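Here is what each chain is made of, one letter per residue.
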Amino acid sequence: CSPWAVAIDSANGLWVADTNNNRVVQFVGPTSSDVVADRVLGQTDSFATAVCDVMPSQLCGPRGVAVTAAGDVLVADTTNNRIVVFDAATSSDTVADHWLAAGASGLEGASAVALDRSASPNHVWVADTVNHRVLGWRDADAWANAEPADLVLGQPNLNSRYCNAGGRGPSSLCSPAGVAVDDSGNVYVADSGNHRVLEYDAPYAAADTTADRVLGQADSFTSGGCNTGGIGAGSLCN
């Protein structure tokens, strides 16, 4: 019901953030002959319920999912304002092992999570939508509960949470809704409130949190309208 995001694990299993059913489901072999989910997270190992709750074994409105090379499942548990981690989640282990939500890296409406597989250990990026920022954690394998982020995109520091803080430009974001990372560690952010996509050249390697390219705004970092210049190949909207 209103699936929001998908991820592929190392065995080509398909994980789906099944948002309005308050769960994440896995299809071990999603082929034409196997279209029934095999595992469920967020509903105490039951496919028959859709309860929204904040318990370690439950989810509420999840909108993002990613899977590490080791099989750990990271879920953007959006309505609960947290990222939960299921260590090598299996059908017999459906209780979250770690969470991110508190401290200077508090989350609000986190709607996407992505892994940088070019780094070992993997880096983690989270679209912290209501706080108008994207947060980065250096080590996906060494999280403690409430682990503070190492990098922030879109804000001058971890204590700032404004739409286009300091004015719209290469260092600002407004309601980022998606994040992806390529094989070189470059980060792409769907900056929905500014109707654009920003690209950051390998922020960890370069120690640089300023965007290097903008898509959807005629190569202008200060423009932020829907379909700037008219609908066409160079425009974006939401």
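Read on for a plain summary of the structure.

## Side note on the overall build of the protein
A count of helical and extended segments in the protein gives one helix and 16 strands. Expected size for 238 residues packed as a compact globule is a radius of gyration near 18 Å; at 18 Å, the protein falls within 12% of this value. Principal-axis analysis of the C-alpha atoms places the extent of the protein at approximately 50 × 40 × 30 Å. The burial tally for the protein puts 48% of its 238 residues in the buried class. When the accessible area of the protein is evaluated, it comes to approximately 10,200 Å², of which 53% is carbon and sulfur surface. Where the 11 positive side-chain charges of the protein centre and where its 26 negative ones centre are 7 Å apart.

## So, the packing of aromatic side chains
One pass over the full model with this rule turns up one aromatic pair. The cationic tip of Arg 63 hangs over the ring face of Trp 4; the distance from NZ or CZ to the ring centre is 4.0 Å.

## Some details on the state of the cysteines
Under the counting rule described, the total for this entry stands at three disulfides. A disulfide bridge connects Cys 52 with Cys 60, and the sulfur atoms are separated by 1.8 Å. Between Cys 52 and Cys 60, the disulfide has an S-S torsion of -85 degrees and is therefore left-handed. One disulfide in the model links Cys 163 with Cys 174; its S-S distance is 2.0 Å. For the disulfide bridge between Cys 163 and Cys 174, the dihedral angle about the S-S bond is near -100 degrees, and by the sign convention the bridge is left-handed. Placement of Cys 163 in the loop between strand S12 (151–153) and strand S13 (176–181) and of Cys 174 in the loop between S12 and S13 is noted, with a sequence separation of eleven residues between them. Taking the relative accessible area as the measure of exposure, Cys 163 reaches 37% and is therefore partly exposed.

## Concerning the nonpolar core
With 18 residues, the main nonpolar core has Leu 74, Ile 83, Leu 107, Val 124, Val 126, Trp 137 and Trp 143 as its most contacted residues. If you list the elements that add at least two residues to this core, you get strand S6 (73–77), strand S7 (82–86), strand S9 (110–116), strand S10 (123–128) and strand S11 (133–137). Residue contributions to this core peak at three residues, all from S9. Contacts of Trp 143, omitting those with residues within four sequence positions, involve Leu 74, Ile 83, Val 85, His 98, Leu 100, Val 124 and Trp 137. Counting residues in hydrophobic clusters, the runner-up holds 17 residues, among them Ala 127, Val 179, Val 189 and Ala 211.

## Description of the pattern of salt bridges
What the rule picks out here adds up to seven salt bridges. Here Asp 191 makes a salt bridge to Arg 196, at a shortest N to O gap of 2.7 Å. The burial state of Asp 191 is the same as that of Arg 196; both residues are buried. Here Asp 201 makes a salt bridge to Arg 213, at a shortest N to O gap of 2.4 Å. Of this pair, Asp 201 sits in the loop between strand S15 (196–200) and helix H1 (203–206) while Arg 213 sits in strand S16 (residues 213–215), and the two are twelve residues apart along the sequence. You can call Arg 213 partly exposed: its relative accessible area is 42%. Three or more residues joined by partner-sharing salt bridges are found here, namely Glu 199, Asp 201 and Arg 213.

## Looking at the sheet that holds strand S8 (residues 98–100)
Strand order in the open sheet formed by four strands is S5-S6-S7-S8, with antiparallel pairing between adjacent strands. Looking at the sheet topology across the chains shown, the edges are occupied by strand S5 (64–67) and S8. Going from strand to strand, the sheet's axes swing by 20 degrees on average, the running direction of each strand aside. Sheet topology places S5 next to S6; four bridges connect them, and they run antiparallel. From the neighbouring strand, Gly 64 faces S6, where its bridge partner is Ala 76.

## Thoughts on unusual backbone geometry
The peptide bond linking Ser 120 to Pro 121 adopts the cis configuration, its omega dihedral lying at 0 degrees. One can find Pro 121 in the loop between S9 and S10. Of note in this structure, Ala 202 is not a glycine but carries a positive phi near 30 degrees. Structurally, Ala 202 is set in the loop between S15 and H1. In the Ramachandran plot, Asn 227 falls in the positive-phi region, its phi being about 55 degrees despite a non-glycine side chain. Along the chain, Asn 227 falls in the segment after S16.

Calculation notes
Residues numbered from 1 in each chain as written. Predicted model: local features only at pLDDT ≥ 70, side-chain atom pairs only at ≥ 80, totals over all residues. Heavy atoms only, no water. Helix = DSSP H or I, 4+ residues; strand = E, 2+ residues; numbered from the N terminus. Rg over C-alpha atoms; globule rule 2.2 N^0.38 Å. Buried < 20%, exposed > 50% of the residue type's maximum accessible area, 1.4 Å probe, protein only. Areas by Shrake-Rupley, 256 points an atom, 1.4 Å probe, with all protein chains shown as cover. Lys, Arg positive; Asp, Glu negative; His and termini not counted. Charge placed at Lys NZ, Arg CZ, Asp CG, Glu CD. Phe/Tyr/Trp six-rings, centres within 6.5 Å; stacked < 30°, edge-to-face > 60°. Lys NZ or Arg CZ within 6 Å of the ring centre and 35° of its normal. Disulfide = S-S within 2.5 Å. Core = buried A, V, L, I, M, F, W, Y, C linked by side-chain atoms within 4.5 Å. Contact = heavy atoms within 4.5 Å. Salt bridge = Lys/Arg side-chain N within 4 Å of Asp/Glu carboxyl O. Pairing = 2+ DSSP bridges. Axes fitted to C-alpha atoms, helices over the stretch in contact; angles between N-to-C directions.

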